[in-house]
Amino acid sequence: MHIDFLGGATTVTGSQFLLTTSRAKVLIDCGMFQGSPNESVRNRIPFAFEPAELDAVVLTHAHLDHCGLLPLLVKGGYRGAIHATAGTVELATLVLLDSGHLHEEFAKREARWEKRNPDKVEADDRKEADIYQAAIDLAAAGGEHVPTTVEPVEPVEPVESIPPIEPTAPASWPRDPEADLRAQPPSVDIDLDLPLYTVKDAERTLEHFRAIDYGEEREVAPGVWATFLDAGHILGSAIIRLRVQDTEGGEERIVVCSGDLGRPGTPILRDPTAMTAADYVLVESTYGGREHEPQDEAIRILAETIRMVDAAKGVLLVPSFAIGRTQEVVWELDRLIARGEIPLLPLYLDSPMASKASDIYRRHPEHYDEETAELLRTGETPLDYPNQIITNDYKASQAIERAPRPYMIVASNGMLTGGRVVGHLRRLIDDPTATILFVGYQGEGTLGSHLQAGAKEVKLDGQPRRVRCQVRSISGFSAHADETELLDWLKGFGAGRRPGDAGYPRRIFLVHGDPEAQVALEPRVQALGFATHVPHWHERVILD
């Protein structure tokens, strides 16, 4: 029995893990790589397996970096079921259809660009080929086979009492596979590749979805039983517990995949499910080495920023992912208005996908936490801001520029790698009365990460632009658990147990993180008494 780490390995995006036993092959997630060209080109690399040979797919949630390559999987010959919660099925339908449409649009843009720039086509194709070859080489370099026969380390002091650990790269890391990605310049470049897949491909994928309830155990493949548990990240998100029997009648192993873990105490959704036993754990590490600011502080900064924009008669632009983050931001704005802490500025919700996602959220109140459920029972509408304008068509989006100031815009996507938010950025980036407020993770090498780091000049559409707008950030709105919250979740696996006891993990695999985050987090996990491993892209690990 083994796992191939085919994505989400020393990267945040591209989640894809293949569990293989003597009886079955089960794919956990099939996500898209996102970010700069050196990362997104990985989506073009053929699958490391034959899709037709898979027995099942289990999907943690509907974000594109977890589900975005499913249409390629079906196009490549997969004929089985894609198991996910009902909320994930609805949101993934929205996400995949939109993604297919965008890839078709990218192809049209490429054709127009080549027609206008015939003298540049050869050089551009050569550059893309070089990036693609580099990705192929990196995939081949990661294909080593690693057994998990190392004995678990003995527990040491609780992590709270351990002095700060200076992170150093593990000796087993021959190089940083993300160095090229982080070296990307601050730019937004048009994707000139042919369509990764089309709307028709996405539509065919939807036929394979099979909804499963939280807490239900289902045999998804011979000898593999899956249970989906609330991850508290976005609507329908799940921690997946796999009960695996390599051979009929043989010993069982429990594999737990965290997916993306949400944060305790955040609005709308329930907290992540506490877990207490596993043989192997795949845990996200996006915020390794970092702590989110307290929720109260995040709300204070949000209110202060809105009052500042109001006083300046300016514009507040909030880049936000359409699913999860937008709903949370609107929830907090609605509460601030209810408490009289901010002026009632117009709010333009400029994301058709976010509008549709909010409708899906409204259809699933059974997933809400008690606070949001109580607001609904008393007649409140916490998923709606009282002065919101929804702009579903492109002309309405462009017309926002002519609206009287001050006003707010929430638009996707959250890392400024595409979407309508880039159009707003074009006209606001050199406006001193405008403020860009980041409320979530900015991937390495993205335009958002460069602005957040204080870049004074960036490239938009290949042209240099001075940054004269205000740039602020709030980490308290993240939908990902921070380091302390990740460690608290992992502690449940060791409570009342010692290495070698049933249910005590043989190994914790750190996935869904950039190298710096994983280097910072790994010694903290080891300090809890767990053996760890940071898998490389395309690495195979034998589960004994």
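Residues numbered from 1 in each chain as written. Predicted model: local features only at pLDDT ≥ 70, side-chain atom pairs only at ≥ 80, totals over all residues. Heavy atoms only, no water.

Caption draft 1: Representation of the sheet that holds strand β10 (residues 224-230) in the model. Strand order in the open sheet formed by seven strands is β9-β10-β11-β12-β13-β22-β23, and the pairing between neighbours is mixed. With partners counted over all chains shown, the strands left at the sheet margins are β9 (217-221) and β23 (532-533), one partner each. Pairing of strand β22 (residues 507-511) with β23, which is carried by two bridges, proceeds in the parallel orientation. Note that in β23 the partner of I508 across the bridge is T532. (Pairing = 2+ DSSP bridges. Helix = DSSP H or I, 4+ residues; strand = E, 2+ residues; numbered from the N terminus.)

Caption draft 2: Broad picture of the packing of aromatic side chains. For the coordinates displayed, the defined rule picks out eight aromatic pairs. Taken together, a centroid distance of 5.7 Å and an interplanar angle of 70° make the contact between F5 and F17 edge-to-face. Taken together, the positions of F5 in strand β1 (residues 2-7) and F17 in strand β2 (residues 16-20) put the pair twelve residues apart, joining distant regions of the chain. Classification of F17 by relative accessible area gives buried; the value is 0%. Ring geometry for F33 against W537: centres 5.8 Å apart, planes inclined by 75°, an arrangement best described as edge-to-face. Taken together, the positions of F33 in the loop between β3 (25-28) and α1 (37-40) and W537 in the loop between β23 and β24 (539-542) put the pair 504 residues apart, joining distant regions of the chain. A single burial state applies to F33 and to W537, both of which are buried. Through pairs of rings, three or more aromatic residues link up here, namely F5, F17, Y280 and F509. Looking at R42, its charged tip hangs above the ring of W537, at a distance of 4.2 Å from the centre. (Phe/Tyr/Trp six-rings, centres within 6.5 Å; stacked < 30°, edge-to-face > 60°. Buried < 20%, exposed > 50% of the residue type's maximum accessible area, 1.4 Å probe, protein only. Lys NZ or Arg CZ within 6 Å of the ring centre and 35° of its normal.)

Caption draft 3: Spotlight on the sheet that holds strand β15 (residues 347-350). If you walk across this open sheet you meet the six strands as β16-β15-β17-β14-β18-β21, and the pairing is parallel. Of all strands in the sheet, those with a lone pairing partner are β16 (388-390) and β21 (470-473), marking the two edges. Here the strands of the sheet are splayed against their neighbours by 20° on average, with no regard to which way each runs. In the sheet, strand β18 (residues 434-438) pairs with β21 via four bridges, with the strands oriented parallel. Note on β21: the bridge partner recorded for F438 is S473. Where helix α8 (residues 295-311) meets the sheet, it contacts β14 (315-319), β17 (407-411), β18 and β21, and its direction lies at approximately 165° from that of β18. (Axes fitted to C-alpha atoms, helices over the stretch in contact; angles between N-to-C directions. Contact = heavy atoms within 4.5 Å.)

Caption draft 4: Local environment of helix α11 (residues 370-377). Buried within α11 are the following residues: T372, A373 and L375. Down the axis of α11, the buried set is contained in an arc of 160°. They therefore lie on one face. Structural note: α11 exposes E370 and R377 on the side pointing more than 90 degrees away from its buried face. In this fold, the buried residues of α11 make contact with α9 (325-338). Trailing α11 by a residue or two, G379 shows a phi angle of about 90°, which is positive. (Arc of directions from axis to C-beta.)

Caption draft 5: Region of interest: empty space enclosed by the protein. Enumeration according to the criterion identifies four cavities of 30 Å³ or more in this entry. Approximately 110 Å³ is the volume attributed to the largest cavity. In terms of lining residues, the largest cavity is bounded by 14 residues, among which H233, T266, P267, L269 and E328 are the most central. Its volume calculated, the second largest cavity comes out at about 100 Å³. (1 Å grid on protein atoms, 1.4 Å probe; cavity = no way out; pocket = protein on both sides within 12 Å on 5 of 7 lines; lining within 4 Å. Points joined across faces, edges and corners; volume = space filled by probe spheres on them.)

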